[in-house]
Amino acid sequence: MSSLVQQSTSPRQQIRQQIRQARRALSKDEQHTASQQLLSQFKQLPYVSSAQHIALYLANDGEIDTLPLIQWLWQQQKSVYLPILHPFSQGHLLFLHYTAQTRMTTNKYKIKEPVLDVRLVKPVPVLDIIFTPLVAFDKTGQRLGMGGGYYDRTLSSWHSHKTGPRPIGLAHDCQQVNSLPHEAWDVPLPNIITPSGLLNW
Ligand SMILES: Nc1ncnc2c1ncn2[C@@H]1O[C@H](COP(=O)(O)OP(=O)(O)OP(=O)(O)O)[C@@H](O)[C@H]1O
Ligand SMILES: [Mg+2]
């Protein structure tokens, strides 16, 4: 039975399971250290100093904690945005202005997101950077997400024309693999920051 299950699981799905398990297995201390190291890498990133409208996300499922990054951006007077699931355009995201006063709710994936208020929506083309979550990345900047295609859709203009917000991945070092199988719609990332440094392609 278990071999049957394995045969029906794609290589992408196997990598997702393995890496999600590895990052969930990090201890509280390891997570804390990783997040502080990520913050010091983040502060040195040249793209951030010249950006004003910056999308991030809240960590979930063992992802590296992004709250220190958000708080530092607020201190730098940058505008921060978080993704929410589009209310009727399935598979798409909206980005809402996020402050310490933002009312939050929980979406169908049990991820916290701002309550939809159309006055707070920032159109994707006027964002400067989208810090992008990922499950796994490889030595060429290929990215594997959670499987919904949300970020691939959001970043499609970057993929085809290098226009729109610059995507920058955030990840634990343990999320790197040698080589990822990828499809035409998968958007590779030009930069990824991990606790140990900045990767550029
Ligand atoms: N630009 C796009 N337009 C239409 N469908 C897309 C696009 N990008 C991805 N998809 C669809 O989304 C589905 C999931 O894609 P994929 O497995 O690459 O998700 P992912 O990259 O892991 O997730 P995410 O982007 O949410 O992090 C695929 O079936 C794919 O056909
Ligand atoms: Mg993809």
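Positions within a chain are numbered from 1, following the residues in the order the chain's sequence is written. Written order decides the labels, with chains lettered from A and ligands numbered from 1. Local features are withheld for residues below a pLDDT of 70 in this predicted model, meaning they are given only at 70 or higher, and side-chain atom pairs are given and counted only at 80 or more; totals for whole chains, interfaces and linings count all residues. Hydrogens and waters are ignored; side-chain quantities use all the structure's heavy atoms.

In the nomenclature of an unreviewed UniProt entry, the chain is known as 5-formyltetrahydrofolate cyclo-ligase of Photobacterium profundum. UniProt positions are given in the numbering used here, feature names are shortened, and annotations may be inferred rather than shown by experiment. The annotation that UniProt attaches to the chain under Sequence similarities (unreviewed entry) is "Belongs to the 5-formyltetrahydrofolate cyclo-ligase family."

J.: Could you clarify how one ought to interpret the coordination of the magnesium ion (ligand 2) in this entry?
T.: Six octahedral donors around a metal ideally subtend angles of 90 or 180 degrees, whereas four tetrahedral donors ideally subtend 109.5 degrees. The coordination sphere of the magnesium ion (ligand 2), as far as protein atoms go, consists of Asp152 (OD) and Asp186 (OD), spread over 2.0 Å. Here the residue Asp152 occupies a position in helix α6 (residues 150-154), and Asp186 occupies one in the loop between β9 (166-170) and β10 (191-194), the gap between them amounting to 34 residues. Each residue is placed in one exposure class: buried if its accessible area under a 1.4 Å probe, protein chains only, is under 20% of its type's maximum, exposed if it is over 50%, and partly exposed if it falls in between. Among the residues examined, Asp152 registers a relative accessible area of 11% and is labelled buried. Atoms are scored as donors when they are N, O or S and lie within 2.8 Å of the metal, with 3.2 Å used for Na, K and Ca; no water is included, so coordination may look incomplete. Numbering of helices and strands runs from the N terminus; a helix is a DSSP stretch of H or I covering at least four residues, while a strand is a stretch of E covering at least two.

J.: Which parts of the structure should I look at to understand the packing of aromatic side chains?
T.: Two numbers describe a pair of aromatic rings. These are the distance of the centres and the angle of the planes. Only rings of Phe, Tyr and Trp enter the pairing, Trp through its six-membered ring, and a pair is recorded when the two centres are within 6.5 Å. The plane angle decides the type: under 30 degrees is stacked, over 60 is edge-to-face, the rest tilted. Tallied over the full model, the rule gives four aromatic pairs. Taking 6.0 Å as the distance between ring centres and 80° as the angle between the ring planes, the aromatic pair formed by Phe42 and Trp72 counts as edge-to-face. Placement of Phe42 in helix α3 (residues 28-43) and of Trp72 in helix α5 (residues 67-75) is noted, with a sequence separation of 30 residues between them. Considered together, Phe42 and Trp72 belong to a single accessibility category, that of buried residues. Measuring from ring centre to ring centre gives 6.0 Å for Tyr109 and Tyr150, while their planes differ by 85°; the resulting arrangement is edge-to-face. Note that Tyr109 is positioned in the loop between β4 (104-106) and β5 (112-114) and Tyr150 in helix α6, a separation of 41 residues in sequence. On the accessibility criterion, Tyr150 (14% relative accessible area) is buried. Among the aromatic side chains, those forming a connected cluster through ring pairs are Phe42, Trp72 and Phe131.

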